[in-house]
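# Notes for the structure review
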Amino acid sequence: MYQVNENGYFGEFGGAYIPEILFSNVETLKNQYRAILEDPSFQQEVDQLLADYVGRPSPLYHAKRLSEHYGCQIYLKREDLNHTGAHKINNTIGQIVLAKRLGKTRIIAETGAGQHGVATATVCALMNMECIVYMGKTDVERQELNVQKMRMLGASVYPVTSGNQTLKDATNEAMRDWCSHPVDTFYIIGSTVGPHPYPDMVERFQSVISREMKEQLQTKLGRNYPDYILACIGGGSNAAGAFHHYLDEPRTQLIAIEAAGKGTDTDETAASILLGRLGILHGSKSLIMQTEDGQIIEPYSISAGLDYPGVGPLHAHLARTGRSTVLAATDAEALTAAMELTRMEGIIPALESAHALAGLSKITFKPEDVVVVNLSGRGDKDMDTYLRYI
Amino acid sequence: MKTRIQQLFENKHSNITSVYYTAGFPQPDATRPILKALQDKGIDLVEIGIPFSDPMADGPVIQASSHQAISEGMNLKKLFEQLEGMRTEIHIPVILMGYVNVIMQFGIEAFCKACTQVGVDGVILPDLPMHDYLEAYKPIMDAYGLSMVLLITPETSTERILEIDKNTDSFIYMVSSAATTGAQTAFDAKKQDYFQRIHAMNLKNPCLIGFGISNKATYDAACKNAQGAIIGSRFITCLRQHPNDYAQAVDALLKQLQQ
């Protein structure tokens, strides 16, 4: 009941609200993606790359000091150890192999913090494909290291100067590029957003996270499910991957943590599920932060990766049906959680993942509860922010 | 009874000039005077853009006009207030063009009702796919006597064009090229082939070509291959150059279409 239906909807959320110029491109993708994803030779190519190139499976690490601190059994799913430093590459590997099979020659992507941009530029270098990354000018300036990486990898990075010059605007510009190159170009969307079939496709590519979790928990604990999974949520790709194989497992509580920014009672927030209304943005119907007039609100979060006014349709559906519990962590709570993990476990998390960790203090656990936190990325890219605030 | 749009195409078969502008630009109260100026200068059909913060199909010129209008407080409610009573002086067809989210928040039924009340004839929603239109919007729009103008592009299959033609009762908006809105200097041979291919299909609905019409070459190409042309970004640029004299802005546009 949590799968996408044949029309591309998760409950009332989803669909493909795209200009006519993209219809044929998206329709072809829609008609072919499942068959390609299920093709054994495709799976073999992707799995091989995930193993030898990305470094999967990512470890499931029992964080003993953190567990003691919170009075439960905390396991960290170490997506931060992947090549390029986050879960994003699970998806870009899948999409680039798919793009090749569809005969596309030109790759475009949007990026906020730059993690998805780097992961896309990386696979384009690997596959020798032209790569164009749209990135808000504000983000270009605050994530300079990732911009340099993308350029070194051979990608063209276009700073976007419309709107607030962040992720939402970068996505608009990528969509416009796509409208202008509807035949040769494959748009590698970085999260579980965009028109159908992207939300479902990205979820499938990220589902390797929970697939491994099942095996790892079975080996470590003799049971393949945890009591809780915590994941941060902007567009929702790491959470979708961490939840995927547990969507129909009633013994596992799914906790999504949004970015509250300066607080969900302020104007500076990115908590789209908690504060959004049904609307349409970037090709799908979901919960969107917007004014009464339907203008999209510029979100705010200390974390560039969560700084997005919408959320993937899967997550809107999970929240509305009560399958997931949605919490919000403020900038300050995320920074505290980041410092805690750093000092207790010697792991510097990405600011996005720090929001997931901040969820730990909001839940009352029993000592025997098994809690998996999806550590979606590492903190290298956030060192400037950490040094400024801590 | 024939609609205003149908009457226009019945009375005029070629060189139909349709102009787009953004509601609330260059001033919040400019909507009505611009409409009047366009009619006075002989424009056949007008499309008024409902500003949206994230216009996926628009290039930089229309984006900028939309953002300015929004920041100065323009919204759909104000637009309907401005159009209230327009039929005492405006006899040309008026179409509203916008993105689905804004209509959805206003309420589709309330939107259709308001359109009919002020005398709007049709609607263009570039991010509403045909299937969703047929299922969720058409019954309501039909009940209010509003026409939906659907778009076709160089990527639209013949089969789909025929379906769009079947479900249209006004005209077809033929997008000139794979692009967002904005000026182009000429249409290359490939685009001309596409124009001729559609022309040869003998659709039941008339077609207007839009996107990239900015000068004599592009305007003439549109008029040669369809019943006329739709001009948007170029007029916004003219309004920017003549922000206080709308008649002069229209003159500037008409002059550019002959150069």
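All chains use their own residue numbering, which begins from 1 and follows the written sequence. Just so you know, chain letters begin at A and ligand numbers begin at 1, following the order they were written in. Note on the predicted model: pLDDT of at least 70 is required for a residue's local features to be given, and 80 or more for side-chain atom pairs to be given and counted; whole-chain, interface and lining totals, by contrast, use all residues. Only heavy atoms go into the side-chain values, all of them from the structure, while hydrogens and water stay out.

### Here's the deal with the overall build of chain A
Put simply, the test is: Numbering of helices and strands runs from the N terminus; a helix is a DSSP stretch of H or I covering at least four residues, while a strand is a stretch of E covering at least two. Only the C-alpha atoms count toward the radius of gyration. The rule for a globule is 2.2 Å times the residue count to the power 0.38. Burial classification: accessible surface area is computed with a 1.4 Å probe over protein chains only, and a residue below 20% of its type maximum counts as buried, one above 50% as exposed, and the rest as partly exposed. When checking whether two residues touch, look at their non-hydrogen atoms; a contact exists if any pair is within 4.5 Å. Each accessible area value is a Shrake-Rupley result obtained with a 1.4 Å probe; residue values ignore everything except the protein chains displayed when judging cover.
Secondary structure summary: chain A contains 16 helices and 14 strands in total. Here the C-alpha atoms of chain A give a radius of gyration of 19 Å, agreeing with the 21 Å that 2.2 N^0.38 yields for 390 residues. With the principal axes as the frame, chain A shows a C-alpha extent of 55 × 45 × 40 Å. Counting every position in chain A, which comprises 390 residues, the buried fraction comes to 65%. A separation threshold of at least 6 residues defines the contact pool for chain A, and within that pool the share at least 24 residues apart is 74%. Total accessible area on chain A is roughly 13500 Å²; 48% of this is exposed by carbon and sulfur atoms.

### Focus on the packing of aromatic side chains
Each aromatic ring pair is summarised here by two numbers: the centre-to-centre distance and the angle between the ring planes. Threshold: Only rings of Phe, Tyr and Trp enter the pairing, Trp through its six-membered ring, and a pair is recorded when the two centres are within 6.5 Å. The plane angle decides the type: under 30 degrees is stacked, over 60 is edge-to-face, the rest tilted. Throughout this description, the term charge over a ring refers to an Arg CZ or Lys NZ atom that lies within 6 Å of the ring centre and within 35 degrees of the ring normal.
This model, assessed by the stated rule, comprises 15 aromatic pairs over all chains. Their ring planes at 55 degrees and their centres at 6.3 Å tell us that Phe186(A) and Tyr198(A) sit as a pair that is tilted. With Phe186(A) in strand β8 (residues 185-187) and Tyr198(A) in helix α9 (residues 198-206), this pair connects stretches of sequence that are 12 residues apart. With a relative accessible area of 0%, Tyr198(A) lands in the buried category. On the basis of an interplanar angle of 50 degrees and a centroid distance of 5.6 Å, the ring pair of Phe80(B) and Phe106(B) is categorised as tilted. Here Phe80(B), found in helix α4 (residues 76-83), pairs with Phe106(B), found in helix α5 (residues 100-106); they are 26 residues apart in sequence, far enough to count as distant. On the accessibility criterion, Phe80(B) (6% relative accessible area) is buried. Judged by its relative accessible area of 29%, Phe106(B) is partly exposed. Members of the aromatic cluster, connected to one another through ring pairs, are Trp178(A), Phe186(A), Tyr187(A) and Tyr198(A). Sitting over the face of the ring of Tyr225(A), Arg251(A) holds its NZ or CZ atom 4.0 Å from the ring centroid. Sitting above the plane of the Phe23(A) ring, Arg160(B) keeps its charged end 3.3 Å from the centroid.

### Comments concerning the sheet that holds strand β3 (residues 60-62) of chain A
Whenever strands of a sheet pair, they do so through backbone hydrogen bonds, lying parallel or antiparallel. Residues and elements named next belong to chain A. Note the following rule: Between any two strands, pairing holds if DSSP finds at least two bridges. Lines fitted to C-alpha atoms define the axes, with helix axes restricted to the stretch in contact, and inter-axis angles between N-to-C directions lie between 0 and 180 degrees.
Within the open sheet, the six strands sit side by side as β3-β4-β14-β9-β10-β13. Their pairing is mixed. Looking at the sheet topology across the chains shown, the edges are occupied by β3 and β13 (324-330). The mean angle between the axes of side-by-side strands here comes to 25 degrees, regardless of whether they run parallel or antiparallel. As paired strands, strand β9 (residues 228-232) and strand β10 (residues 253-261) are joined by five bridges and run parallel to one another. Looking at β10, one finds that Cys-232 is bridged to Ile-257. Contacts from helix α10 (residues 208-221) reach β3, β4 (73-78), β9 and β14 (370-375), with the element oriented near 135 degrees to β4. Relative to the sheet, helix α14 (residues 331-345) contacts β3, β4, β10, β13 and β14, its axis offset from that of β13 by approximately 90 degrees.

### Observations regarding the pairing of β10(A)
All names here are of chain A. Put simply, the rule reads: Handedness rule for crossovers: strands pointing away from the viewer, path from the first strand over the helix to the second running clockwise, crossover right-handed.
Of all nine residues in β10, eight are buried, a share of seventy percent or more. Chirality of the crossover, the property in question, places the unit of β9, helix α11 (residues 237-243) and β10 among those that are right-handed. Relative to β13, β10 is paired through seven bridges, and the arrangement is parallel. The residue of β13 that forms the bridge with Glu-258 is Ala-328.

### Re the sheet that holds strand β1 (residues 16-22) of chain B
Residues and elements named next belong to chain B. Sheet architecture is open: nine strands sit in the order β5-β4-β3-β2-β1-β9-β8-β7-β6, paired in parallel fashion. Single-partner strands in this sheet number two, and they are β5 (147-148) and β6 (151-152). Across four bridges, strand β7 (residues 172-175) lies against strand β8 (residues 207-210) in parallel orientation. Among the inter-strand pairings, Ile-172 is bridged to a residue of β8, identified as Cys-207. Set on the sheet, helix α1 (residues 4-11) makes contact with β1, β2 (45-49), β3 (94-97), β4 (122-124), β5 and β8; between it and β1 the angle comes to about 145 degrees.

### Examining the domain arrangement of chain A
Residue and element names in this part refer to chain A. Here is the rule we go by: Delimitation of the domains relies on an automatic or database domain assignment. Buried area, as used here, totals the accessible surface that two parts lose on assembly, with accessibility defined by a 1.4 Å probe and the loss added over both. Salt bridges are defined by distance alone: a side-chain nitrogen of Lys or Arg within 4 Å of a carboxyl oxygen of Asp or Glu. Polar contacts, as counted here, are pairs of nitrogen or oxygen atoms within 3.5 Å of one another; within protein the pair requires one atom able to donate a hydrogen and one able to accept it, and residues that are adjacent in sequence qualify only if both atoms are side-chain atoms.
For chain A, the domain assignment lists domain 1 (19-49 + 88-202) and domain 2 (55-86 + 207-389). Using only C-alpha atoms to locate each centre, domain 1 and domain 2 end up separated by 22 Å. With 31 residues of domain 1 at the interface, the matching set in domain 2 holds 33 residues. Surface buried jointly by domain 1 and domain 2 totals about 2300 Å² across both partners, of which 54% is contributed by carbon and sulfur atoms. For the interface between domain 1 and domain 2, the tally reads three salt bridges. With its nearest N and O atoms 3.4 Å apart, the salt bridge here joins Lys-168 to Glu-298. Summed over the shared surface of domain 1 and domain 2, the number is 13 residue pairs in polar contact (both at pLDDT 80 or more). Per-element accounting of the side of domain 1 that touches domain 2 gives the leading share, six residues, to helix α8 (residues 167-180).

### Quick notes on the layout of surface pockets
Test applied: Residues are called lining when one of their atoms sits within 4 Å of a cavity or pocket point, these points coming from a 1 Å grid over the protein atoms alone, where a cavity is a set in which a 1.4 Å probe fits but cannot get out and a pocket is an open set with protein on both sides within 12 Å along at least five of seven lines. Grid points are joined across faces, edges and corners, and a volume is the space filled by probe spheres set on the points. Side-chain classes follow a simple rule in which Ala, Val, Leu, Ile, Met, Phe, Trp, Tyr, Cys and Pro form the nonpolar group, Asp, Glu, Lys and Arg form the charged group, and the remainder, Gly included, forms the polar group.
The computed volume of the largest pocket comes to approximately 530 Å³. Lining the largest pocket are 25 residues, and of these Asn7(A), Tyr9(A), Ala16(A), His131(B) and Asp132(B) lie nearest its centre. Counting residues per element, the ones that place at least two in the lining of the largest pocket are α1 (23-38) of chain A together with α5 and α7 (130-143) of chain B. Examining the composition of the lining of the largest pocket, we find that six residues originate from one element, α7(B), more than from any other. For the lining of the largest pocket, a count of residues per class yields 14 nonpolar, four polar and seven charged.

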